[in-house]
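One-letter residues, chain by chain:
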Amino acid sequence: MKTKHYLKLKEDVITETLDNGLSIVMVPKSNYHKTFAVLTTAYGALDQEFAIDDAQPIKIPAGTAHFLEHKLFEKENEDAFAKFGELGADANAFTNAYQTSYLFSTTQNLIPAITHLLDFVQTPYFSKQTVEKEQGIIGQEIQMYDDDPNWALYMGLLNTLYPDSSIAKDIAGTRETIATITPELLYAIHSAFYQPTQLTLQIVGHFNPKEILAVVKENQVKKSLKLSKLTRFSEKLLPTKEQQAERYFNVSRPKVAFGIRLDQNQVVGIEAAKRILIADILNDLLFGEQTDWYQNLYSHGIIDTEFETAFDIIKDYQYVSFFAETEDYEILTQEIQSQIDNYQNVLKNQQNAFESLQRATVGEGIQKLNSLESMALQGDDVLFGTNLFDKIELLQDLTFDDILVTADKIYRNATLQRFVLHK
Amino acid sequence: MKKTIINHGANLVILPTTQFKTLHIAVDFSTSVDPKHISARTLVSYLAGVSSARYKTQQQVAQKTIDLYGAHYQTDVFRIGQTHHVRFTLQVPAPTYIMGGKQLLTEAFDFLSEMIFNPLVDNHAFNERVFANEQQSLMNELASVKDDKSRYSMAKLREITYDKPGMCVSASGNEEAVANLNPSDVYQTYQNMINEDTMNIVVLGDINQQQIISLLQKWPIGPHQAKEDKEPFYRQVPRVQLREVVEHKAAINQAMLTMAYQINVEPFDDQRFAVMVMNALLGGTPLSKLFMNVREKESLAYSIYSRWQHDTGFLTIAAGLDAAKVRQTDMMIQEQIKAIQEGDFDNQTVDAIKMSLISDYLSQRDSPSSQMEVAFSRLLTRRETSEQEWIDRVRSVTADDIQNAAQKMSLQSRYILLPEV
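Since the model is a prediction, treat every value here as computed from it, not as a measurement.

1. Topic: helix 3 (residues 104-117) of chain B
Given 3.6 residues per turn, any residue in an α-helix points the same way as the ones three and four places further on. Residue and element names in this part refer to chain B. Across its 14 residues, helix 3 extends 20 Å between first and last C-alpha, which sits within 8% of the 20 Å expected from 1.5 Å per residue. Burial within helix 3 is extensive, with eleven of its 14 residues counted as buried. Along helix 3, the residues that are buried comprise Leu 104, Leu 105, Ala 108, Phe 109, Phe 111, Leu 112, Ser 113, Glu 114, Met 115, Ile 116 and Phe 117.

2. Side note on the nonpolar core
Ranked by internal contacts, the top residues of the largest apolar core, which has 140 residues, are A:Phe322, A:Leu332, A:Ile336, A:Tyr411, B:Phe88, B:Ile201 and B:Trp219. Looking at this core, the element that brings in the most residues is helix 9 (residues 269-287) of chain A, giving eleven residues. Apart from the residues lying within four places of it in its own chain, the contact partners of A:Tyr411 are A:Ile260, A:Leu282, A:Asn283, A:Leu286, A:Phe287, A:Val320, A:Phe322, A:Ile340 and A:Tyr343. Listed in part, the 54 residues of the second largest apolar core include A:Ala37, A:Ala93, A:Tyr102 and A:Phe126.

3. Comments concerning the packing of helix 13 (residues 347-363) of chain B against helix 15 (residues 387-395) of chain B
Residues and elements named next belong to chain B. Look at helix 13 against helix 15: their axes get within 10 Å of each other, and the N-to-C directions meet at 165°. Looking at the two axes, helix 13 sits roughly antiparallel to helix 15. As for the relative orientation of helix 13 and helix 15, their crossing is right-handed in sense. Where helix 13 approaches helix 15, its residues Lys 354, Leu 357, Ile 358, Tyr 361 and Leu 362 are matched on the opposing element by Glu 387, Trp 390, Ile 391, Val 394 and Arg 395. Considered class by class, the residues forming the contact of helix 13 with helix 15 number seven nonpolar, no polar and three charged.

4. Observations concerning the environment of B:Met292
By the secondary structure assignment, B:Met292 is in helix 11 (residues 289-297). Counting along the chain gives ten residues from B:Met292 to B:Leu282, while the straight-line C-alpha distance between them is 9.8 Å. Those residues in contact with B:Met292 that sit more than four places away from it in its chain are A:Ala82, B:Pro286, B:Leu287 and B:Lys297.

5. Quick look at the pattern of salt bridges
Once their charged atoms are close, side chains differing in charge can pair, the charge on each being opposite to the other. All names here are of chain A. Applying the stated criterion to the full structure yields 42 salt bridges over all chains. A salt bridge links Lys 133 to Glu 74; the nearest nitrogen and oxygen atoms lie 3.6 Å apart. On the criterion of sequence distance, the pair formed by Lys 133 in helix 4 (residues 128-146) and Glu 74 in the loop between helix 1 (64-72) and helix 2 (80-86) is long-range, its members being 59 residues apart. Residue Lys 133 is classed as partly exposed on the basis of its relative accessible area, which comes to 29%.

6. Section: the confidence of the model for chain B
All names here are of chain B. Summary statistics for chain B give a mean pLDDT of 94 and a share of 99% for residues scoring 70 or more. Looking at the elements of chain B, mean pLDDT is at its lowest for strand 1 (residues 3-6), recorded as 88, and at its highest for strand 7 (residues 125-126), recorded as 98. In the model output, the complex is listed with pTM 0.90 alongside ipTM 0.87.

Procedures and definitions
Residues numbered from 1 in each chain as written. Chains lettered and ligands numbered in written order. Predicted model: local features only at pLDDT ≥ 70, side-chain atom pairs only at ≥ 80, totals over all residues. Heavy atoms only, no water. Helix = DSSP H or I, 4+ residues; strand = E, 2+ residues; numbered from the N terminus. Expected span 1.5 Å × (residues − 1). Buried < 20%, exposed > 50% of the residue type's maximum accessible area, 1.4 Å probe, protein only. Core = buried A, V, L, I, M, F, W, Y, C linked by side-chain atoms within 4.5 Å. Contact = heavy atoms within 4.5 Å. Axes fitted to C-alpha atoms, helices over the stretch in contact; angles between N-to-C directions. Parallel < 35°, antiparallel > 145°, perpendicular 65-115°, else oblique. Left-handed = near helix turned anticlockwise from the far one by under 90°. Nonpolar A, V, L, I, M, F, W, Y, C, P; charged D, E, K, R; others polar. Salt bridge = Lys/Arg side-chain N within 4 Å of Asp/Glu carboxyl O. pLDDT = per-residue confidence, 0-100.

Structure follows, in structure tokens:
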């Protein structure tokens, strides 16, 4: 067991890797009532192709990671989800672009719930019949998202930035793609992406770390899990086709999204986590509520409190995005473009503004530490190996120079793309 | 729970704790719901969210929250039964965790006092420029309810469920009423709120009781505020005739089925624990009949749940489903209710559901906002159930109690939203 102390934040993070490769991360919070546990594999909707032990590569239909997540809960003679309920624990699961996570929280029966979490995720059961039934339920889920304008806006933007790529596809897939999923495919994926070396168990809350570790070890020793070599294939990204796209939708006001795609400067690990923190402060300096730019547009009714910016790095994808609800999206387009063209001037003499934003961002980071769920899920653990505490420390070390350097990387010669959801 | 009265006007509850890395202040103004004033009160909350005499623009308010180490300042409106609430909340990082944060506590109280008591006003009316912006912004928000079919359906269900006009409107009011407001009416509404509403304050964090009281004594709280205390609970005489509305809407894929059932149990009757367990068994948890049978076994609806509203005595059911399956799903929902009425459920499931209700209840202690919500609820209802009593009451609910509670359900209204064919 290794313990890292975060002195200022008064937090400890205990880590351990078992002989079979399973990683365990524990954050004890003895003054809480609840414990939150998550078992994660770094396999998500972006994975399109893989190979085991140098065999022929296998293609993964869109929506499979999410489908597998649903299916793991169903066993031959029981429902894994209901079993959490029987223990009084509250369970859930989610799939995003780059990870699949299974989680529960509870104030009682912690040990049985943890062994159940490990057992149900590590013991697959797929049959032709249950796979067919799931195709029906997920069909409903896909329909539900089809009616959600915010989802349509986000997907529309990603399609404009990254035409035909896996990030622009719905995480749930389509009715057609999920219809091609078979039990054999699910077993193959499970043995590749759910082997212990690919799994991390995080536990945050009220528990005894030594006791938990012993229980997890005992549980893993009992299982004979096959280890194999996993090869992932990264996606070849197509160039952007259009600068503007649009779609009609059932909305009362147009929703508009803008994006800037960054193809250069691929970054990984801590550097990537840092770049996101820097870009967020940079975007606040250029487009935040406290800027004259924002104030001017807000007071003219061109943007409202729905306006937001984001910066994402997800594997090979790196992009800035802007979201708004407005009739005046032509004016907004010009205003964003001109702020980007003018970024060097806007950032001049902004050292003080940077420092106050930095303090505020650190303060916001500290406020997130109340929530066990945030501690376990809002770090960049899966993508870059940095937790929420690391991020607060990284933030404290940033300088204004970091902002200026990153501004050049993001906004020099940037191409702004737009997607509109019309009423 | 210890209550202090500040300046003969406001009730204060202080919750000292080192469990969290934050400090919270919440101020709640409540009064009986009057449909004439709901929209204006919502607009007050919008105006106070972005401006004050000292911080004249949203930009200045945003800068101030940045200077308060990333404080979260928020204004909200909501209703509890027949009372309407305007609530101001401020969250800042706990001073212990930030460098140079000694003054933060004082600054936080000063800022909140400014936002509540010192609005941006010219000649007894809200500043016109800010007013026009926020009026538009609220109208946009109300218009966008239509874009979210679940929110829209629940609003429609509300309209046909209640007999009293004040109960039919949403807590945020309606677009048309907002369009007709002017800066001086809304200022009058604000004055009434400050001077006549019940005012409750809850403060939570690593704090010293005496220090908080002395900070609050500087606030300009008048002596008249506790003049009329309103009970939030609402109960309606059950209707014999079902009200049903079916509406078609273009460009949606899925249908929504929503229903409101009345359960005739007085607010503080001990049977409320049975109703709570019954709701959890019907559709309030993943172990429930609606979830297990309608969703999991028959794949009829991806989202389906029931919710028990203690404040109004209604239990609502909502399902998002394939338009062709509305009738079938409705029938199946009725079968689940009937099953509970007839005692067709097993003890094991009931025990699990009780455990999960108790776990949820204890988990609330891990969230500052839930702890504060409990304190507000105790202030508003003037009732307090201890932790042990609450747990004991849930545990002692029997299968008979659950059956009885289900037998009290009476369907009052049904609203169905269908895609246009």
